[in-house]
Amino acid sequence: MASALKPFIPPPPAKSSFNDRLYTAKSSTWHRPHTHPSFSLLEICSNMKELNRILPLIIKSGLSDQPVFQTKLISLFSRFGCLPQAALVLDRVEDKSDELYHSVLKGHAHNSTLDDGFLFFTQMRLDGVQPVVYNFTYLLKTCGDNFDLTRGKVLHALSITSGFGSNVFAMTAVVNMYAKCRQINESKKVFDRMFQRDLVSWNAIIAAYAQNGLSRRALDMVIAMQDEWKRPDLITLVTILPACADFRFAKLGKSIHAYAMRCGFEMYVNISTALVDMYSKCGLLGTARLVFDRMSVRNVVSWNSMIDGYAQNDCSEEAMKIFRMMLDKGVRPTDVTIMAALGACADLGDLDQGRLVHELLIEVGLESDVSVMNSLITMYSRCRRVDLAAEIFESLKGKTLVSWNAMILGFAQNECPYKALNLFCNMQKKHTKPDSFTLVSVIPAVAYISILRQAKWIHGYVMRSCLLKNVYVMTALVDMYAKCGGVIIARRLFDMMEERHLITWNAMIDGYGTHGQGKAAIELFEEMIHRSPVKPNDVTFLIVLSACSHSGLVDEGLHYFACMKRDYGFEPSMDHYGSMVDLLGRAGRLEEAWNFIEGMPMEPGISVYGAMLGACKIHQNVELGEKAGNALLNLEPEDGGYYVLLANMYATASMWNEVAKVRTNMEKKGVKKNPGISCIQFKNKVHTFYSGCTNHPQSKEIYTRLEILIDEIKAAGYVPDTSSIHDVEDDVKVQLLSSHSEKLAISFGLISSAPGTTIQIRKNLRVCGDCHNATKFISLVTGREIIVRDMQRFHHFKDGHCSCRDYW
């Protein structure tokens, strides 16, 4: 039995809680202050709440005047940010040691304002306390964090006069301070003068270059560091990996990755996250995903890097998959996560997922974050719900310049130009100064309105804002003038530009093309490829082909289509093929155009068959037009204009049964034709007309002038083209043609403007054949130049001719 007995082992003493030890302290009397239980409590005190519970006991026990307690209280008050209380205790100390001052100064550096910290530092020196090195390191960090260069320079000078000019810790702090204040040259001077440099010093100067956008210099410093036999550590790698990403140095990034693996750094989450970011920005998404999948531990920054990597590389669907995976893992999204997800939804045009992200950001309490709400405005705008974007903008408190820019751009992108312009004006009334991005957003709205007076107004604003050297603003102005009928002014601005991007060249070439100046477009394109450093892209070739099509330059178009792939390696897209069909079709080479379609390496799309159908309508080729029309309707286009084009072609050939079939098909599918609208500006007001409208205040005068005008152009040889109208008598057909929106707008322009003034009109659809013919005669009999911008191009009518030469 004895062997079965186990020896008695006393239980370990129970670990007393803070409350138990506080009770013991209250019920004890001690004669040696540092052995009093309350001193032990101060040692384990972790927050101000616990300290407030100990203070009454210390005061009642008469220990508040004991130096050991005073020192400890000053240290705790300073650590917890209660600087006034620390100052009160310090004032009661009779024999103040330097350490007490240092403790309070550290509290100011960490928990107070820079003004208060600097004031205490000055008082400390007046009291005869000699600063130590960490006084300077703390204060220099605070100066850098607050971008206070003036005080930073004072501390730099004081550190030298105090004998710390050769101290590696003090001088490293000075390097950091200058770097944070964007004084990178001063930072490098201090670094170069250091007698001793440790790894922390090297990391400081490397970070100084990297954080100031000088990534290449940061990488050079890493090489110099190794020349001095300093091995890069974890901090070095985390600093230089983003520099590799900035320059897309994938090869160097891979070398750093290999070094990290050899050193065992890959297991650290910050290294792996930096690698994911680097590979993503270098376009190596597969490698980035491998690193991400191998991470045993991921923080929210890791998830954000992978989501943003996919989003920035046009892989928005994958970005949303990672986003959903992150939520499934229970990781709480941050503002960066939400903004990346909203950007992906915007790229996809996915309104449903965008709304879910909107709900999520409210759940995590980010609805008051202005940056997140700006991204939400952009998402709704790009998902064609500018109304929801406007609601968010109106309710947003603390709007920033980015908020205004996002909303202005949203209106411009959603064909709400007047709302964009009104918001631009309201922005200035709210004393928010526009920047270059604002103007790049609002200028396209002016271009959409296509009113030259408005264009000159915004141009004047650009001049007053001193932004005529900004290549982005100037490119927007070139494009705007070209779309407002001022192609000559556009070229003047183009020639004035010292710097031109590819988009600048494309805008000017396209401007010539849409104005029917195909030869000028080709000449500029040739100048671009032979006498400028800018190389064309696929969009450039699409613009050139379109310019050739509008001007009937078939041989030139065929040449550029061939050299596009042969000389530049661009595979033609559906739009390029559509432009070629349009080019051949407008020139009447319909059989060649149809053979071109049949020889395409891909299935023809809506744009290809639509171009073919339009050409067949112009040249009245019903056979090929019917083939193109049937193929087109099988693709089920949503644009009712194609149905109307097919019906008009049948009507021209008097195939009324086929016209009826097309109309019935439109009704079954719920496709509607957009009504034709023509706009003209007079005295800062836009006047809008539609066919047969009588609601204009001057309708009587407009119709009277139009009736006289029709008689005048008939006398000059105009014959109404009634082929597209049926089911009514001939005289009614003529009457219907006479009340088309273009003719009403021209009539209003004639009675409202002085003789000889150019009349400029904007139409939302293509100019109809009869109106095109009539406008040529109107320009002849009235001696007026008439500019009509339709949905595809500009028509300059003058002296009975049109710039399109009937290739419209």
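Criteria and cut-off values
Residues numbered from 1 in each chain as written. Predicted model: local features only at pLDDT ≥ 70, side-chain atom pairs only at ≥ 80, totals over all residues. Heavy atoms only, no water. Helix = DSSP H or I, 4+ residues; strand = E, 2+ residues; numbered from the N terminus. Buried < 20%, exposed > 50% of the residue type's maximum accessible area, 1.4 Å probe, protein only. Contact = heavy atoms within 4.5 Å. Areas by Shrake-Rupley, 256 points an atom, 1.4 Å probe, with all protein chains shown as cover. Core = buried A, V, L, I, M, F, W, Y, C linked by side-chain atoms within 4.5 Å. Expected span 1.5 Å × (residues − 1). Polar contact = N/O pair within 3.5 Å; in protein donor to acceptor, adjacent residues only side chain to side chain. Axes fitted to C-alpha atoms, helices over the stretch in contact; angles between N-to-C directions. Parallel < 35°, antiparallel > 145°, perpendicular 65-115°, else oblique. Left-handed = near helix turned anticlockwise from the far one by under 90°. Nonpolar A, V, L, I, M, F, W, Y, C, P; charged D, E, K, R; others polar. Pairing = 2+ DSSP bridges. 1 Å grid on protein atoms, 1.4 Å probe; cavity = no way out; pocket = protein on both sides within 12 Å on 5 of 7 lines; lining within 4 Å. Points joined across faces, edges and corners; volume = space filled by probe spheres on them.

Some thoughts on the overall build of the protein chain
Looking only at helices and strands, one finds 43 helices and 6 strands in the protein chain. Taking all 808 residues of the protein chain together, the buried fraction comes to 49%. Sequence separation of 24 or more characterises 61% of the internal contacts of the protein chain that already satisfy a separation of 6 or more. Carbon together with sulfur atoms contributes 53% to the accessible area of the protein chain, which is approximately 40,300 Å² in total.

What to know about the nonpolar core
Within the largest apolar cluster, 208 residues are counted, with the highest numbers of intra-cluster contacts made by Ile205, Met407, Leu439, Ile443, Ile458, Met480 and Met612. When near neighbours in sequence (up to four residues on either side) are disregarded, isoleucine 443 contacts Ile458, Val462, Val473, Ala476, Leu477 and Met480. Core analysis: the next-biggest nonpolar cluster, separate from the first, contains 26 residues, Cys693, Leu709, Ile713 and Ile786 among them.

Notes on helix 32 (residues 538-551)
Look at helix 32: 20 Å from first C-alpha to last across 14 residues, which is about the 20 Å you get at 1.5 Å a residue. Counting buried residues in helix 32 gives 10 out of 14 residues, a clear majority hidden from the surface. Taken as a whole, helix 32 has its buried residues at Thr540, Phe541, Ile543, Val544, Leu545, Ala547, Cys548, Ser549, His550 and Ser551. Of the surrounding secondary structure, the elements contacted by the buried residues of helix 32 are helix 30 (502-514), helix 31 (518-531), helix 33 (554-566) and helix 34 (574-586). Measuring from the backbone nitrogen of valine 539 back to the side-chain oxygen at the start of helix 32 gives 3.2 Å, which picks out asparagine 537 as the cap.

Comments concerning the packing of helix 30 against helix 31
It is the contact of helix 30 with helix 31, at a shortest axis distance of 7 Å, that shows an interaxial angle of 160 degrees. Considering the angle they form, helix 30 stands roughly antiparallel to helix 31. Judged by the sense of rotation from one axis to the other, the crossing of helix 30 with helix 31 is left-handed. Residues Leu502, Trp505, Met508, Ile509, Tyr512 and Gly513 of helix 30 pack against Gly518, Ala520, Ala521, Leu524, Phe525, Glu527 and Met528 of helix 31. Residues belonging to the contact of helix 30 with helix 31 are distributed by class as follows: 10 nonpolar, 2 polar and 1 charged.

Description of the environment of alanine 521
Within the element layout of this structure, alanine 521 appears in helix 31. For the pair alanine 521 and glycine 511, spaced 10 residues apart in sequence, the C-alpha separation works out to 8.0 Å. Setting aside anything within four residues of it in sequence, one finds alanine 521 in contact with Ile509, Tyr512, Gly513 and Ala547.

Quick word on the side chain of serine 201
Residue placement: serine 201 occurs in helix 12 (residues 199-211). On the accessibility criterion, serine 201 (1% relative accessible area) is buried. Those residues within four positions of serine 201 in sequence are excluded, and the remaining contacts are Val168, Thr172, Phe191 and Met194.

Some remarks on the sheet that holds strand 3 (residues 759-763)
Strand order in this open sheet of 6 strands is 2-1-3-4-5-6, and the pairing throughout is mixed. Each edge of the sheet is formed by a strand with only one pairing partner; in this case those strands are strand 2 (685-690) and strand 6 (801-802). Examined bridge by bridge, strand 1 (residues 677-682) and strand 2 share 6 bridges and lie antiparallel to one another. Bridge assignment links serine 678 to a residue of strand 2, and that residue is phenylalanine 689.

A closer look at the layout of surface pockets
What the second largest pocket holds in volume is close to 960 Å³. Forming the walls of the second largest pocket are 39 residues, and the residues nearest its centre are Ser450, Ile451, Leu452, Gln681 and Gln760. If you list the elements that add at least two residues to the lining of the second largest pocket, you get helix 25 (417-429), helix 26 (436-449), helix 27 (452-464), helix 29 (487-496), strand 1, strand 2, helix 42 (741-752) and strand 3. Classifying every residue of the lining of the second largest pocket by side-chain character gives 18 nonpolar, 14 polar and 7 charged.

Things to note about unusual backbone geometry
In this structure, tryptophan 229 is a non-glycine residue whose phi angle is positive, near 65 degrees. For tryptophan 229, the position within the fold is in the loop between helix 13 (215-227) and helix 14 (234-246). In the Ramachandran plot, glutamine 620 falls in the positive-phi region, its phi being about 55 degrees despite a non-glycine side chain. On the secondary structure map, glutamine 620 appears in the loop between helix 36 (606-619) and helix 37 (622-634).

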